[in-house]
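Notes for the structure review
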Amino acid sequence: MRGLKYAAVLAAALGAAGCASLDYGECRRADWRAIGARDGEHGEPDLQLARHREACGRYGMPPDEAAWVAGHREGLAAYCTPAGGYRAGRRGERYQGVCESAGLFLPAFERGSQVGALHGHVRALADSVQQLQIESGSADPAQAERARREELEVRRRYDELRAELAQVDARASADYGTPSLVEDGLPY
């Protein structure tokens, strides 16, 4: 029982440490307008300012709230668009209800979420192919043969899904005027 209490206290402490939004160096050299813009571009709610206030307050460096709010407003203007929704959904972000008018944002966010999930499946299949390649080198001939057969099937499915992802992402990226996954540095 005592071990469970210790583990719970440790988990809470580690969780609280993970909540700090900025470290000392970031607080010291903070460009609050740019930080607000970045937070807005990632769909962070106003609550993020309180996190920054708490983090930087520990060092006696409160945020410039007016600059953060101005930057946040600019960032939300970019985020709360169909292109912003598509990119956020594709990255697997959670929508936190920050857009005043989410009518065009939400369908794009949902489409991006579907593409992001497909991208995750493709990456998982790629990892499976790599693992099966390792297993196909097994000293046990039966295990090596099983791994080779399974690798062929997984590779076939990977190639199919990869082609589907490329097509779906290219079409959606063109619809929303955003870079494709590959252009965004997220290869599949």
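A brief structural summary.

So, how was this worked out
Residues numbered from 1 in each chain as written. Predicted model: local features only at pLDDT ≥ 70, side-chain atom pairs only at ≥ 80, totals over all residues. Heavy atoms only, no water. Disulfide = S-S within 2.5 Å. Helix = DSSP H or I, 4+ residues; strand = E, 2+ residues; numbered from the N terminus. Buried < 20%, exposed > 50% of the residue type's maximum accessible area, 1.4 Å probe, protein only. Expected span 1.5 Å × (residues − 1). Contact = heavy atoms within 4.5 Å. Polar contact = N/O pair within 3.5 Å; in protein donor to acceptor, adjacent residues only side chain to side chain. Salt bridge = Lys/Arg side-chain N within 4 Å of Asp/Glu carboxyl O. Core = buried A, V, L, I, M, F, W, Y, C linked by side-chain atoms within 4.5 Å.

Concerning the state of the cysteines
Inspection of every chain in the model, using the stated rule, returns two disulfides. Paired through a disulfide, C27 and C56 show a sulfur-sulfur distance of 1.9 Å. Taking the sign of the torsion about the S-S bond as the criterion, the disulfide between C27 and C56, at about -85 degrees, is left-handed. Of this pair, C27 sits in helix α2 (residues 24-28) while C56 is found in helix α4 (residues 47-57), placing the two residues 29 residues apart along the sequence. You'll find C27 and C56 in the same group, each marked buried.

Quick notes on helix α5 (residues 65-79)
Its 15 residues place the ends of α5 20 Å apart at the C-alpha level, agreeing with the 21 Å of an ideal helix rising 1.5 Å per residue. What α5 keeps buried is the set A67, W68, A70, G71, H72, G75, L76 and Y79. Along its buried surface, α5 packs onto α3 (32-41), α4, α6 (82-90) and α7 (105-135). Its side-chain oxygen at 3.3 Å from the backbone nitrogen of A66, D64 defines the N-terminal cap of α5.

Let's talk about the pattern of salt bridges
The final tally for this structure, using the stated rule, is 16 salt bridges. Salt-bridge contacts for E65 lead to R53; the nearest nitrogen and oxygen are separated by 2.9 Å. Linking E65 in helix α5 with R53 in helix α4, this pair joins segments that are 12 residues apart in sequence. A salt bridge links R155 to E151; the shortest N-O distance between them is 3.1 Å. One end of the pair, R155, and the other, E151, are both in helix α8 (residues 141-176), four residues apart, so they sit about a helical turn from each other.

Let's talk about the nonpolar core
Soluble globular proteins tend to bury their nonpolar side chains together. Y86, V122, L165 and Y176 are the most contacted members of the largest nonpolar core, which totals 19 residues. At the level of elements, α6, α7 and α8 are the ones that each hand at least two residues to this core. Sorting elements by how many residues they give to this core places α7 first, with eight residues. With residues up to four places along the chain from it excluded, the contact list for Y176 reads P82, A83, Y86, P107, A108 and R111.

Note that all results are geometric; they support no functional claim without further evidence.
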